[in-house]
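What the coordinates show
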Amino acid sequence: MTRSLPLAAALALAAAGSGCTKGESSAAGARLRQPEAIAVFQGVTLASPKVRPYLAVANASRNDVAIVDAVTNDPVKAPVVLRTLVVPVPDRPSLLAAASLGDETVEQPHRADLLVAVSAGDSVLQVIETWDSKNLVHSDPAEAGALAVDLGHDVLALAPLPPDPADPGVARIAAALSDGLVAVVAYRRGDGDAIVHGSTAIRTTPLPFQPVAIAAMPDDPAVPGLQTAIYLASREAVDPGAVPPIFGVAELPGADVEAQPRVLGARAPTRLVAAARLQERFDHSADSGTGAFQAERVPRVYAVLDESACGPDKPIDCGVVTLDAGPAVPSGSMAIPDDYAGLMPHRAPMRVPGRPLAIVAAGPPAVPLGTVDGDPVDYPAGFMRLFMGSVGRATTAVAAVPSDDGKVYFLDLGRFETATAAPIVQARSTGPTAPEFEPPPQEDPAQEPPATDEWLRLWIQDENGAFVAPNDAAARRNALTTTPGFTPNETVWSLIWEGVLSADLAERTGEVMTDVATGQLALALQVGDRPSGGPATFTQVARLWHPALGVKVNDIVVIPVNRMGAGLSCEGTRRLLPPGSTQVLPNEFEVRIGALLPPSDQHPGGAVTLVPAAQPPPPAPPDERIPAWQACYDVLSAGATGTNVVTGVRATIRASGLVLRGAAFGYAGRPPMGDPGVPRPHELRYPGGAAEAQLTAECPLADWDGSWPTTHPLACTDACRTSCEQLVIARKVRRLHNVSVTCETNSAQRDTCNVLWPGNAFPTVNDPVALKFQVAVQKQLPAPGDLGPYAPFRDMELEFGTTSGVGESAASQSGTAPQHATGAVPFDRTPWTTAAEGYRFYVSYPADFVLDATPSLSGNPVPSAVIR
């Protein structure tokens, strides 16, 4: 699609947009209107005949580009100062990009850049004059000596290429196009400071995937010629012909759009991409200064993984993944560098809260910061300052990632970790809550509650099995072993005796049938539609066969008698209630799970066989509840005889013992119950990269999406299910932060750090326990010499929380609708000001403002300014 604006019309709009009326007044801010894209360029405007840096903001709802001074953040005033200077760009400008021509000299240290724009859904690359203060827009490819270029396909994303030192005076813009194409458009310096069109290269053979984002690698000044490449992110497989297909990022070398792409595997699809050439820290260094970094500069690509195929239940977690773009990486291989401590199969992605909307990277500023009084490190050439709250440290590249939660997060690329507001070893879990002693539940609310000497609670033990004193905060904290980098933030861990396995298994509608394959009574949590003469279809299917739900043999199924199926009834027994409760609840009955059944046409999510609740073994007295439950089981079994299906059954699945759940973590396993003086610890431990790979090979269910029928192998023995559960939990406790601080390097808080993390050494800890604890039932008033053990009662619960220590470094604007950032661009202010502000990041928002933030200044949140 092609759109253009005749030059006469452009001049008329420019005059109108500049507020050409009589009189003068001060410009009241930039008056942005739905910013859709931003770019920083060097050029001249009405504000100054000399070349200066400016911020261009595409106002989609007003069809223009506003110009703001990038040094002062002041809007450039129009000829008659009623408003900000704007240049007209028709049909909702949605993309902007600026590129240097690389022809600066001693006599001309600053020269005008190329600035291009693309309207929404358009194929035309429009050029905005930066070398003339009129700032005319060239949008018609048919005009004589046209600067505008019609690429013939919708432009989806733009990226400037670095200038070629061997070919100064040329600027190149790479474009990701619809129909799987890529283009590179070159412009060159004409007469004086003018810029003219040079050449256009459009790929002739479509790529086997659709690029959705594009970035270019910065040049390597240590190597002659242009050392760059184009990188393309895609939600589709970048090598669909591989077995299995490879997802990640594709590389086109240099500006060669016709080249065969090199495939950099990322373990998941990608949707945003950036690139940087930098020094990374040594694998095991925790130094906060410049000594932490290797001398060699390496090319790295940073890609935001698409959330459809990443996460704690997928082969890789979500976030920003690092890819090695060095020449030694063969096409089609997994390009993620190794984990620095050798514990994981790959370096952990850098986590960003919310959903990333853009990513841009910045290298060290042109003017080094040098030594700064009060900082523990200095910042010579090749390094830049990054603050963790009030703690400054050196790094070699920083990325900004706007998120849909309204904040802009920063990544310390030199240390390949999320930048934090404070050293993460300064924060740790507050430990377990102290539940009150409770009487056992009762079947009859009219009963007198048991005497207080029979009251019990579930409580934490120390490593020797002694119950921790509730008022001993240090002992409570130390009774929970955790490891920074592996322990997640969790508001509530719930440890419950015979607790509901998860919200997905509480009061779910299901069907009871006789399983065709086994002839056994079976329960499937699903709603079926069985039309006469047609195949059955199912909705609300619970994947009981998937190990993530944690269903096991001998678990408890509770069914209310008034929801046991249409036309069926039995007496059942009363639900056990806390003493004094006045709730009126329907009677219920219980059965046990005898086996797990794989998916079939009868039950596409799998099913569980139902067996009567067993009599307690001698010498325990028979449970008088059992006969009533047996009677209900018989009624249910008779209703599901032959091909009959009992529908509308309401069932809840409970654990047969202790179950650990996290509010965010979900199912976390079955801890053993200890005895007083006899601890039986439970661990959430990452098993190591090789072990995760082995577990993945042993578990065909790990990546099953619940679809049926399926070609995915779903057969799984008891040993297979054990491996599957270990894998499900192991993926959740993978490294979530690439820790680069230790108690020793965090000298200001060393004593506090060593108290919080006794016996731990980071970042090379070899014992990554995400969580370890031991619990037992404690009696309120035990008789002298009575050590227990004591029988727990259903829903006896202990709650506690954990803290990863990761408080992300972020900037935000608390005004109206700060969500859904539309663009981001870095800017190095050091050549233009004497202030120690260093590098900046501009982020545009459709709520009529641009955020200007830098993590090079101390503060939490990150200091920022707002341009409106």
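Since this is a predicted model, take the numbers as computed values, not measurements.

Closest axis-to-axis distance for the helix α4 (residues 689-698)/helix α5 (residues 718-732) pair is 8 Å, and the angle between their directions is 135°. Classed by the angle they form, the pair α4 and α5 counts as oblique. Seen from above, α4 lies across α5 with left-handed handedness. Seen from α4, the contacting residues are Glu-692, Leu-695, Thr-696 and Glu-698; seen from α5, they are Cys-720, Ser-723, Gln-726, Leu-727 and Arg-731. When the residues that make up the contact of α4 with α5 are grouped by side-chain class, the tally is three nonpolar, three polar and three charged.

The element strand β30 (residues 508-514) is extensively covered by neighbouring structure, given that six of its seven residues are classed as buried. Relative to strand β37 (residues 645-654), β30 runs antiparallel, the two sharing five bridges. Within the sheet, the bridge partner assigned to Thr-509 lies in β37 and is Arg-650. Pairing geometry for β30 and strand β31 (residues 521-524), over four bridges, is antiparallel. When the sheet's bridge partners are listed, Glu-511 is paired in β31 with Ala-524. Here β30 folds back onto β31, and the loop between the two strands holds six residues, one of which, Gly-519, carries a positive phi near 75°.

Now for α5. The end-to-end C-alpha separation of α5 is 22 Å, in line with the 21 Å expected for 15 residues at 1.5 Å each. The element α5 is extensively covered by neighbouring structure, given that 11 of its 15 residues are classed as buried. Within the sequence span of α5, burial applies to Cys-720, Arg-721, Ser-723, Cys-724, Glu-725, Leu-727, Val-728, Ile-729, Ala-730, Arg-731 and Lys-732. Packing partners of the buried residues in α5 comprise β35 (588-597), β39 (666-667), β40 (682-685) and α4.

Our next topic: the sheet that holds strand β14 (residues 213-216). Judged by pairing direction, the sheet is antiparallel, and its four strands sit side by side in the order β14-β15-β16-β17 without closing on themselves. In this open sheet, the two strands that pair with only one neighbour each are β14 and β17 (262-265). Taking each pair of neighbouring strands and ignoring which way they run, the sheet shows an average axis angle of 25°. Sheet topology places strand β15 (residues 229-233) next to strand β16 (residues 248-253); five bridges connect them, and they run antiparallel. Looking at β16, one finds that Leu-232 is bridged to Ala-250.

What follows deals with the side chain of Ser-123. Position of Ser-123 relative to the elements: it lies in the loop between β6 (114-119) and β7 (124-128). A residue is classified by how much of its surface remains accessible, and Ser-123, at 0% relative accessible area, is buried. Within the local environment of Ser-123, its side chain forms a polar contact with the side chain of Asp-150, the two groups lying 2.7 Å apart.

Let's shift gears to the packing of aromatic side chains. What characterises a pair of aromatic rings is the spacing of the ring centres plus the angle enclosed by the ring planes. What the rule picks out here adds up to 10 aromatic pairs. Summarising the aromatic geometry, the rings of Trp-493 and Phe-665 are spaced 5.1 Å apart at their centres and angled 50° between planes, so their arrangement reads as tilted. In this pair, Trp-493 sits in strand β29 (residues 490-497) while Phe-665 sits in the loop between β38 (658-662) and β39, placing the two residues 172 residues apart along the sequence. In terms of burial, Trp-493 and Phe-665 fall into one category: buried. In textbook terms, an aromatic cluster arises when at least three aromatic residues are bridged by ring pairs, as seen for Phe-410, Tyr-839 and Phe-841. The positively charged end of Arg-281 is found above the aromatic ring belonging to Tyr-340, 4.6 Å away from the centroid. In this structure, Arg-457 packs its charged tip against the face of Trp-459, placed 4.5 Å from the ring centre.

What the rule picks out here adds up to five disulfides. Across the disulfide from Cys-570 sits Cys-632; the S-S distance is 2.0 Å. Taking the sign of the torsion about the S-S bond as the criterion, the disulfide between Cys-570 and Cys-632, at about 100°, is right-handed. With a gap of 62 residues between them, Cys-570 in the loop between β34 (556-560) and β35 and Cys-632 in helix α3 (residues 625-639) connect regions that are remote in the sequence.

Once that is clear, we can look at the side chain of Gln-774. Its place among the elements puts Gln-774 in the loop between β41 (769-773) and β42 (775-779). Assessed through its relative accessible area of 8%, Gln-774 is described here as buried. Not counting chain neighbours up to four residues away, the residues in contact with Gln-774 comprise Trp-459, Ile-460, Gln-461, Asp-462, Glu-463, Ala-479, Pro-679, Arg-680 and Pro-681.

On to the pattern of salt bridges, then. Applying the stated rule across the entire model yields 36 salt bridges. Across the pair Arg-189 and Asp-103 runs a salt bridge whose closest N-O atoms are separated by 2.9 Å. Taken together, the residues Arg-189 in strand β12 (residues 181-189) and Asp-103 in the loop between β5 (93-99) and β6 connect sequence positions 86 residues apart. In terms of burial, Arg-189 and Asp-103 fall into one category: buried.

Within the sequence span of α4, burial applies to Gly-689, Glu-692 and Leu-695. Each buried residue of α4 sits inside an arc of 125° when the element is viewed along its axis, so together they form one side. Opposite its buried face, α4 presents the exposed residues Ala-690 and Ala-697, each directed more than 90 degrees away. Residues of α4 that are buried in the fold lie against α5.

The rules behind the values
Once a new chain begins, its residue numbering starts again from 1 and follows that chain's sequence as written. This being a predicted model, a pLDDT of at least 70 is required before a residue's local features are given, and a value of 80 or more before pairs of side-chain atoms are given or counted; all residues contribute to the totals for chains, interfaces and linings. The side-chain quantities take in all heavy atoms of the structure and omit both hydrogens and water. As a rule, the C-alpha atoms of each element are fitted with a line to give its axis, helices using only the stretch in contact, and angles between N-to-C directions run from 0 to 180 degrees. Secondary structure follows DSSP: runs of H or I at least 4 residues long count as helices, runs of E at least 2 residues long count as strands, and numbering of each begins at the N terminus. For this classification, under 35 degrees means roughly parallel, over 145 means roughly antiparallel, 65 to 115 means roughly perpendicular, and everything else is oblique. Left-handed describes a crossing whose near helix is turned anticlockwise from the far helix through less than a right angle; right-handed describes the clockwise counterpart. Working rule for contacts: check all heavy atoms of both residues, and any pair within 4.5 Å makes them a contact. The nonpolar class holds Ala, Val, Leu, Ile, Met, Phe, Trp, Tyr, Cys and Pro. Asp, Glu, Lys and Arg form the charged class, and all remaining residues, Gly among them, are polar. Working definition: with a 1.4 Å probe on protein chains only, accessible area under 20% of the residue-type maximum means buried, over 50% means exposed, and in between means partly exposed. Strands are treated as partners if at least two bridges between them are detected by DSSP. A helix's residues, less one, multiplied by 1.5 Å, set its expected span. In the analysis that follows, any N or O atom pair within 3.5 Å is treated as a polar contact, provided that within protein one partner can donate a hydrogen and the other can accept it, and provided that, for residues neighboring in sequence, both atoms belong to side chains. Aromatic contacts are taken between Phe, Tyr and Trp rings whose centres are within 6.5 Å, Trp giving its six-membered ring; a plane angle under 30 degrees counts as stacked, one over 60 as edge-to-face, and the others as tilted. Consider the ring centre and the ring normal. A charge sits over the ring if Lys NZ or Arg CZ is within 6 Å of that centre and within 35 degrees of that normal. Cysteine sulfurs are considered disulfide-paired once they come within 2.5 Å of each other. Just to be clear on terms, a salt bridge is a Lys or Arg side-chain nitrogen sitting within 4 Å of an Asp or Glu carboxyl oxygen. Summarising the geometry, the arc corresponds to the directions from the helix axis toward the C-beta atoms.

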